[in-house]
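# Structural description and commentary
Chain by chain, the residues run as shown.
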Amino acid sequence: QFIPRRIFMLEKKEFEIPSEKFKKGATVYTDSDTPVKAAIIYFHGGGLLYGRRKDLPRPHLNTLTQAGYAIIAFDYPLAPAAKLEMIMNDVESSIQYYIDHSDELIKNPKSSEGSLPYFLWGRSAGAYLCLIAAAKGTYTQAPAGILSYYGYGFLCDNWFKEPSRHYCTLPKVPESALCVIPEGIHADGDLDTHYSVYVYARQQGNWIDLFYEGREKFFYLDYTLRACDKLPCPLFCAHSTGDTDVPFSEFTELSNKYHAKRFIVSGTEHDFDRDTENPFTQKVLDETVAFIEKCLNK
């Protein structure tokens, strides 16, 4: 007997989010035929220097929304115009904004009693922001879990403040690359203008100087996970063994410290899931869904 396959309908809605510092938005993705069980609050990667909220590939959107999760991708201000204190304050306000306005952002919530459970999801620098935001734990509703795709907590020494062996193999980027990007606070960092600043920073070993101003002691205390013994929720970590941006040792420290569910890819790609043809991409998405389900069914 032939059973027709249902055609999934990905819906995308844009929201303007109140912000005094910059033009801020959020994009909400849902499947029109699937009741929403939980929300996934997403922050993009880019070393805090480049990237945009609408960077999720279609398989990511399809897999997660079809499984019953709304994805809410928020803007955040980029360095070097914005420093880490401002960036973190904005990320924390986005999380609280979801908690306070979930019924506006998601029109078909499964539960009418308060906001739905939510997960924090970031790729690379976005995962770092999720981890630090969760560690602060100042929300009226705690996250149900954290999804870290090749994230970090600056737990291992030196890799982030020394010239990167990988980036030093690329053509040298001059300091003048900094002159190309806007001086004002902004959230959209196009690859054509902003990526070279990240390459410059990693070649020079001065990456942190572009997003943090202050005493090194307070960076380690306030903006790393070194002083955080416990996260408020379970953690899922995905990483490549030969990651060229974030060393595998950082992943090992992170996942060991918080007893994370691990997903390990054999390869050298940092953002391995960018290649949607890679079998690891669908597999990490399926493992992500399984992790979320387990968290929800505790």
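Check the entry above for the structure.
Rules of the game
- Residues numbered from 1 in each chain as written.
- Predicted model: local features only at pLDDT ≥ 70, side-chain atom pairs only at ≥ 80, totals over all residues.
- Heavy atoms only, no water.
- Buried < 20%, exposed > 50% of the residue type's maximum accessible area, 1.4 Å probe, protein only.
- Helix = DSSP H or I, 4+ residues; strand = E, 2+ residues; numbered from the N terminus.
- Pairing = 2+ DSSP bridges.
- Right-handed = clockwise from strand over helix to strand, strands pointing away.
- Core = buried A, V, L, I, M, F, W, Y, C linked by side-chain atoms within 4.5 Å.
- Contact = heavy atoms within 4.5 Å.
- Polar contact = N/O pair within 3.5 Å; in protein donor to acceptor, adjacent residues only side chain to side chain.
- Axes fitted to C-alpha atoms, helices over the stretch in contact; angles between N-to-C directions.
- Parallel < 35°, antiparallel > 145°, perpendicular 65-115°, else oblique.
- Left-handed = near helix turned anticlockwise from the far one by under 90°.
- Nonpolar A, V, L, I, M, F, W, Y, C, P; charged D, E, K, R; others polar.
- Disulfide = S-S within 2.5 Å.

What follows concerns the pairing of strand E3 (residues 38–43). When you tally the buried positions in E3, you get six out of six residues, the bulk of the element. Relative to strand E4 (residues 69–74), E3 runs parallel, the two sharing five bridges. Residue pairing across strands places Tyr42 opposite Ala73, the latter belonging to E4. For the segment spanning E3, helix H1 (residues 58–66) and E4, crossover handedness is right-handed. Bridge analysis of E3 against strand E5 (residues 118–123) gives five bridges, and the strand direction is parallel. When the sheet's bridge partners are listed, Ile41 is paired in E5 with Leu120.

Core analysis: the largest hydrophobic core is formed by 74 residues, its most contacted members being Ile95, Tyr98, Tyr128, Trp207, Phe211 and Phe219. When near neighbours in sequence (up to four residues on either side) are disregarded, Tyr128 contacts Leu48, Leu84, Tyr152, Gly153, Phe154, Phe219 and Tyr223. Listed in part, the 27 residues of the second largest apolar core include Phe119, Leu147, Tyr149 and Phe272.

Here we come to the environment of Arg262. Among the secondary structure elements, Arg262 is positioned in strand E8 (residues 261–265). Between the C-alpha atoms of Arg262 and Glu287, which are 25 residues apart in sequence, the distance is 9.4 Å. Once residues within four sequence positions are removed from consideration, Arg262 is found in contact with Cys237, Phe251, Thr252, Ser255 and Asn256. Only 3.5 Å separates the side chain of Arg262 from the side chain of Ser255, close enough to count as a polar contact.

Quick look at the packing of H1 against helix H8 (residues 279–296) now. With their axes 10 Å apart at the nearest point, H1 and H8 run at an angle of 30° to one another. With respect to their mutual orientation, H1 and H8 come out roughly parallel. Relative to H8, the crossing made by H1 is right-handed. The segment H1 lies against H8, with Pro59, His60, Thr63 and Leu64 engaging Thr281, Gln282, Leu285, Asp286, Thr288, Val289 and Ile292. Taken together, the residues that form the contact of H1 with H8 break down as five nonpolar, five polar and one charged.

This part covers the sheet that holds E4. Pairing within the open sheet is mixed, and its eight strands lie in the order E1-E2-E4-E3-E5-E6-E7-E8. Only two strands of the sheet have a single neighbouring strand rather than two, namely strand E1 (10–17) and E8. Each strand of the sheet is rotated relative to its neighbour by a mean of 15°, with strand direction disregarded. Of the strands in this sheet, E3, E5, strand E6 (145–149) and strand E7 (235–240) touch helix H3 (residues 125–136), which is tilted by about 140° from E5.

Applying the stated rule across the entire model yields zero disulfides. Cys130 takes part in no disulfide bond, and the closest cysteine sulfur, belonging to Cys233, lies 9.9 Å away. In this structure Cys130 comes out as buried when scored by relative accessible area, which is 0%.

Here Ala79 and Pro80 are connected by a cis peptide whose omega angle stands at 0°. Tracing the sequence through the fold places Pro80 in the loop between E4 and helix H2 (84–105). Backbone geometry at Leu48 places phi at a positive 70°, although glycine is not the residue there. Position of Leu48 among the secondary structure elements: in the loop between E3 and H1. Taking relative accessible area as the criterion, Leu48 reaches 0% and is therefore assigned buried. With phi around 60°, Ser124 is a residue other than glycine that occupies positive phi space. With respect to the helices and strands, Ser124 occurs in the loop between E5 and H3.

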